[in-house]
Amino acid sequence: MIYINKILPVIISPLGLITILLFFGIFRKKMLPSVLALMILIILSLPIVSVQLIKLLEQNYTPTNPNEIVSADTVIVLSGMVRPIKQKNGIHYEFSEAVDRIFAGINILKIGKAQKLILTRGKLPWSIGVPEGEFLAEFAQSQGIDPSKILLTEIVQNTNDEAKAISKMLPKNTEIILVTSAFHMPRAQKVFQNQNLKVTPYAVDFRSSEKKIDIIDFLPQANA
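A brief report on the enclosed structure follows. Note that the structure is a prediction, hence the values are computed from the model and not measured. (Residues numbered from 1 in each chain as written. Predicted model: local features only at pLDDT ≥ 70, side-chain atom pairs only at ≥ 80, totals over all residues. Heavy atoms only, no water.)

### Some points on the overall build of the chain
Scanning the chain for helices and strands turns up 8 helices and 7 strands. Counting contacts in the chain only where the partners sit at least 6 residues apart, residues at least 24 apart contribute 67% of the total. Summed over its atoms, the accessible surface of the chain is roughly 13300 Å², and 60% of this surface lies on carbon and sulfur atoms. Each charge class in the chain was averaged separately, 24 positive and 18 negative side chains, and the resulting centres sit 8 Å apart. (Helix = DSSP H or I, 4+ residues; strand = E, 2+ residues; numbered from the N terminus. Contact = heavy atoms within 4.5 Å. Areas by Shrake-Rupley, 256 points an atom, 1.4 Å probe, with all protein chains shown as cover. Lys, Arg positive; Asp, Glu negative; His and termini not counted. Charge placed at Lys NZ, Arg CZ, Asp CG, Glu CD.)

### Details of unusual backbone geometry
The phi angle at Asn173 is positive, at roughly 65°, despite the residue not being glycine. One can find Asn173 in the loop between helix H7 (159-169) and strand E6 (175-181). Phi at Asp205 is positive, roughly 55°, even though this residue is not glycine. The topology assignment puts Asp205 in the segment after strand E7 (198-204).

### Examining the pattern of salt bridges
Using the criterion set out here, one finds 7 salt bridges in the structure. We note a salt bridge from Glu210 to Lys55, for which the minimum N-O separation is 3.3 Å. In this pair, Glu210 is assigned in the segment after E7 and Lys55 in helix H4 (residues 47-58), connecting sequence segments 155 residues apart. Glu97 is the salt-bridge partner of Arg207, the closest N and O atoms lying 3.3 Å from each other. Placement of Arg207 in the segment after E7 and of Glu97 in the loop between strand E3 (90-95) and helix H5 (100-110) is noted, with a sequence separation of 110 residues between them. Here Glu97 falls in the exposed class, since its relative accessible area comes to 52%. Salt bridges sharing partners connect three or more residues here, namely Glu97, Asp205 and Arg207. (Salt bridge = Lys/Arg side-chain N within 4 Å of Asp/Glu carboxyl O. Buried < 20%, exposed > 50% of the residue type's maximum accessible area, 1.4 Å probe, protein only.)

### Remarks on the pairing of E7
Here E6 pairs with E7 via 7 bridges, running parallel. Its bridge partner lying in E7, Leu178 is registered against Pro201. As for the winding sense of the linkage, the β-α-β connection from E6 through helix H8 (residues 185-193) to E7 is right-handed. (Pairing = 2+ DSSP bridges. Right-handed = clockwise from strand over helix to strand, strands pointing away.)

### Re the side chain of Ser45
Position of Ser45 among the secondary structure elements: in the loop between helix H3 (31-44) and H4. Not counting residues within four places of it along the chain, the set of residues in contact with Ser45 comprises Leu219, Pro220, Gln221 and Ala224.

Written out as structure tokens, the structure reads:
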């Protein structure tokens, strides 16, 4: 199932649509599909477009002082911030730009806004090393968090798995603080609410930033 979950979004993504249009144009020997593919590629490769799309996802959230949020029973930090790197003598782990997630969870626990920290054992079939939550649990302890306050889920492969696993660990209508990246929060919040949990979203790792528009924003870029 996880392979389907990963493959289908690629097919219906802009890159997937571009590829389909190109092959259709080549095999049918028609110019229009190829021209459409080129137009989509150029438009969606512009930073001015990608930034606006990210802003749409993040528009309902703003960076928040943790002291201003309501207290909850548990703070949940979703996986997706650790890269395993193979070395000769084992596996080394590095944080990605989403590292704000774990620091936010640790801080929320330290200031007493939650009593427990739940980390998820995210691990895909092709992943190497330990499940992410196990590494993060050790990291949280190194930052002064009492091990008795850290809970780990079963092995999970996506956000839906995370929500289901956590719902098994908590009573219905438990109040939780959900920590994840701002662009990911709209979907994550709905998934956890569907599991009968009362969610206070705490978005971090904002990808959109305010800047003056310049000519670079109108030049196609791979990261856009």
